[in-house]
Amino acid sequence: MVVDPSDFRCSMLAMQLADEWVEYVAATAITGSARVYRTAINRLCEYVDKVLGSEAEEVSLSDPGLFDTLVDWELSLPEDYAPSSTYPGVFAGALRVLIVRRDDHADRQVAPELARLARGPALLGSGEKTERDEFKLQEKRALVRAAWQSAHATRQRLDEGWALAERGCHPGQGSWTNTADLLWGLIHEEITPDDIRRQLPHAREWPSELQEFVAGPGGVLIPKTARRQLCCKLIARLYPTTLDLHAFRVLLMDATGYTSEEVAGFGEMEIEFLPKGVRLTLLKNRAGRLRHRAFRDRAARGELAAVGDADGRLALNWPRREASAVVRLLLDLTARTRAKAPHVTDTLFVRAAVRSDFTVLFDRWIPEVKTASFGSWLDMMGVEIKGDRHIGRMRKSVKVEKAIVTEGRVSEVADDHTEETFAGHYAQGTTLRILSGRTIATAQQHWFDKALDRIDGPSVVPDEVDHGLLTDAGLSPEEAEDILNGQLDMGVSHCKNPYQSPFSRPGELCAVAPLRCLECRNAWILPSNLPQLLLFHDHLERLRIRLSPMVFTRLWGQSWVNLRAVLDDRTAEERAQARKHIEAGQAALDLPLAANTEFDA
């Protein structure tokens, strides 16, 4: 259906846009989105007729006065849609494409003001598009099971149809009401559906077998459409129909994990069977990408694949059927149809249909036909799906399984598109959200528990120290004895084991003592260490003055906090007594040279 300029007062404007639309569709070979441009043209022309009235007759894209009208029309689009709808932006963008296309031709006039508007920034936002959720695990299993049932039923129906045709003869010699004779005439091209229409008597005079064949089990025969129904039934006994091919798209998407566009877009020349699998050449028109992918057959039936249901619970699912088996079956069932349509070489999805004029059409598959859509196939197979009945959800289901198997590594899941695409279109699935939430909660709990168990500072011993107190606190008798004898004194504290420092490799002597002793869980502070702690406090005070707060906190923040906590536990009298020891020269702090050569970098 094309735009009819005679329906509008602004017929010149409508004709200009319609011409661009027709050429654009022919050049780009777009199918489903072509109606977006047609709708945009109709919406604009209706608006121009309403606003300009009789003046709309002279309006064209070469008229600069159309600028304000185009702006007002674009800004008025959101009034008819929800606040977050994407349609206003899509329609406005489609019309801009047509204006820019016309302006690109030197022999077609477009007012400079309109060209700048079309090439300039959009006046409307893109809206918010609600991403489809994946199929639940139970729904996906039901889909795959129904697809295999449908594929086997199609093969059985076609085998029986051709076997029945071989038992027939020309209807002129046999009977025009005999199914076998009609099938024989069709496969030998001795008769056409139009011949059947003209030769058949009225439906009331048909034998009961023929009436049951047309009506089906429990069906009702409608005399007005009986002849066409008969022709459709006969052709369906010989060639796959539009409904039949939905099953193979489901199976190929499940087996390969690629989009519906790609699995239905390879022909016989793009198939290479391997000893254990098949290699396919897949074309994704939207992204302009051509891929050569090999799909190996599963070695054993016993392999298990981990998948998740809608509640995030992991389950075990048997491996999917091999892609090579699906491709072989599809090649076999569509061989005769493809022979009748030699002009179609880029896809195996070729169907047969009877037109309203009783001619047979052999052409590429169109899954969007209302009477034979994916939803119609679901109803025919009795598969119940909650939510949007769109085949794109199958792709998301496969992506979810891959994400679970690869433990959420986006780089591996996004193997046929960018990671940004995965984040924008696939990461919002219910299962992935639940699993991501559980992963985050588990990680948070892990680090929380680790933080509670971790000791980031020394152990402080009370005033009275004896061997039993140290061993009760977790030290071995040898470690307690060495600490009491001063053999493990590191300057500002004693060390439980200088060769097991968290700051050095195991087995090597600690390289950061005494500068990091106040951050070490091996450190033990005794009352005798108080003078050295006060000296270390004075050292850090000088560093605080010399270094910027940010650098000091990064280098010494934890030591400073722990040191102040230890000193705050001592009484004023204890600190004063320790100062006297320092002033009397009875206490000193030995620091490495590096402790005095720090700079604020």
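Residues numbered from 1 in each chain as written. Predicted model: local features only at pLDDT ≥ 70, side-chain atom pairs only at ≥ 80, totals over all residues. Heavy atoms only, no water.

Asks: Could you give an account of the overall build of the protein, naming the residues involved and the relevant values?
Replies: If you tally the helices and strands in the protein, you get 23 helices and ten strands. Of all 601 residues assigned to the protein, the portion counted as buried reaches 43%. A separation threshold of at least 6 residues defines the contact pool for the protein, and within that pool the share at least 24 residues apart is 62%. Summing over all exposed atoms, the protein offers an accessible surface of approximately 32500 Å²; the carbon and sulfur share of this is 51%. (Helix = DSSP H or I, 4+ residues; strand = E, 2+ residues; numbered from the N terminus. Buried < 20%, exposed > 50% of the residue type's maximum accessible area, 1.4 Å probe, protein only. Contact = heavy atoms within 4.5 Å. Areas by Shrake-Rupley, 256 points an atom, 1.4 Å probe, with all protein chains shown as cover.)

Asks: Would you mind going over the pairing of strand β7 (residues 360-364) in detail, with residue names and values included?
Replies: Pairing of strand β6 (residues 350-354) with β7 involves five bridges; the strand directions are antiparallel. Bridge pairing in β7 links Arg351 to Asp363. Here β6 folds back onto β7, and the loop between the two strands holds five residues, one of which, Phe358, carries a positive phi near 65°. (Pairing = 2+ DSSP bridges.)

Asks: Explain helix α1 (residues 11-28) to me, and be specific about the residues and the numbers.
Replies: Spanning 18 residues, α1 covers 25 Å between terminal C-alpha atoms, matching the ideal 26 Å at 1.5 Å per step. When α1 is considered as a whole, its buried residues turn out to be Leu13, Ala14, Gln16, Leu17, Ala18, Glu20, Trp21, Tyr24 and Val25. The inward-facing, buried residues of α1 abut α2 (34-52), α3 (66-76) and α4 (87-104). Ala29 sits one or two positions beyond α1 and adopts a positive phi of about 60°. (Expected span 1.5 Å × (residues − 1).)

Asks: Got a sec to walk through the pairing of strand β2 (residues 277-284)? Specific residues and values, please.
Replies: For β2, the buried fraction is high: six of the eight residues fall into the buried class. Where strand β1 (residues 271-274) and β2 come together, four bridges link them in antiparallel fashion. Its bridge partner being in β2, Ile271 is matched across the sheet by Leu280. In textbook terms, the turn of a hairpin is the stretch between consecutive antiparallel strands, and for β1 and β2 this stretch comprises two residues.

Asks: Could you give an account of the sheet that holds strand β3 (residues 289-296), with specific residues and numbers?
Replies: Read across the open sheet, the three strands follow the order β1-β2-β3; overall the sheet is antiparallel. Each of the sheet's edge strands pairs with one partner strand only, and the pair in question is β1 and β3. Sheet twist, expressed as the average angle between the axes of neighbouring strands with direction ignored, equals 20°. Across eight bridges, β2 lies against β3 in antiparallel orientation. The residue of β3 that forms the bridge with Val278 is Phe295. Across the face of the sheet, helix α13 (residues 323-340) comes into contact with β1, β2 and β3 while running at roughly 125° to β1. (Axes fitted to C-alpha atoms, helices over the stretch in contact; angles between N-to-C directions.)

Asks: Quick one: what's the story with the confidence of the model for the protein, residue by residue and with numbers?
Replies: Model confidence for the protein is summarised by a mean pLDDT of 82, while 81% of its residues fall at 70 or above. Low pLDDT, under 50, characterises residues 300-319; the stretch is placed with 46 contacts to residues that sit more than four places away or in other chains. When the criterion is pLDDT under 50, residues 451-455 qualifies, and its contacts beyond four places in sequence or with other chains add up to one contact. (pLDDT = per-residue confidence, 0-100.)

Asks: A description of the sheet that holds strand β8 (residues 459-460) should follow, citing residues and the corresponding values.
Replies: Pairing is mixed across the open sheet formed by three strands, whose spatial order is β8-β10-β9. Strands with a single pairing partner mark the edges of an open sheet, and in this sheet they are β8 and β9 (494-495). Strand direction decides the pairing type here: β9 and strand β10 (residues 523-525), joined by two bridges, are antiparallel. When the bridges of β10 are listed, His494 appears paired with Trp524.

Asks: Which residues make up the environment of Lys233, and what values go with them?
Replies: Looking at the secondary structure, you find Lys233 in helix α10 (residues 226-236). Given the relative accessible area of 35%, Lys233 is considered partly exposed. Sequence separation between Lys233 and Val354 is 121 residues; the distance between their C-alpha atoms is 9.6 Å. Ignoring anything within four residues of it in the chain, the contact list for Lys233 reads Phe213 and Val214.

Asks: If you had to explain the packing of helix α6 (residues 137-166) against helix α11 (residues 242-256) to someone new, which residues and values would you point to?
Replies: Packing of α6 against α11 brings their axes to within 8 Å, and their N-to-C directions diverge by 130°. The orientation of α6 relative to α11 falls into the category oblique. By crossing handedness, the relation of α6 to α11 is classed as left-handed. Contact residues: Lys140, Leu143, Val144, Ala147, Trp148, Ser150, Ala151, Thr154 and Arg157 in α6; Asp244, Ala247, Phe248, Val250, Leu251 and Asp254 in α11. (Parallel < 35°, antiparallel > 145°, perpendicular 65-115°, else oblique. Left-handed = near helix turned anticlockwise from the far one by under 90°.)

Asks: Can you explain the packing of aromatic side chains? Please cite residues and give values.
Replies: We describe a pair of aromatic rings using the distance from one ring centre to the other and the angle between the two ring planes. Per the counting criterion, the structure on display carries eleven aromatic pairs. Relative to Phe295, the ring of Tyr258 lies with its centre 6.0 Å away and its plane at 85°, an arrangement referred to as edge-to-face. In this pair, Tyr258 sits in the loop between α11 and α12 (260-263) while Phe295 sits in strand β3, placing the two residues 37 residues apart along the sequence. Phe295 carries the same exposure label as Tyr258, and that label is buried. Members of the aromatic cluster, each reached through a chain of ring pairs, are Tyr81, Tyr87 and Phe91. (Phe/Tyr/Trp six-rings, centres within 6.5 Å; stacked < 30°, edge-to-face > 60°.)

Asks: How would you explain the pattern of salt bridges if you had to name every residue and give the values?
Replies: Scanning all chains against the criterion turns up 23 salt bridges. Here Glu20 and Arg102 are joined by a salt bridge, their closest N and O atoms 3.1 Å apart. Here Glu20, found in helix α1, pairs with Arg102, found in helix α4; they are 82 residues apart in sequence, far enough to count as distant. Each of the two residues, Glu20 as well as Arg102, counts as buried. With its nearest N and O atoms 2.6 Å apart, the salt bridge here joins Lys140 to Asp254. Remark: Asp254 occurs in helix α11 and Lys140 occurs in helix α6; sequence separation between them is 114 residues. Residue Lys140 is classed as buried on the basis of its relative accessible area, which comes to 5%. (Salt bridge = Lys/Arg side-chain N within 4 Å of Asp/Glu carboxyl O.)

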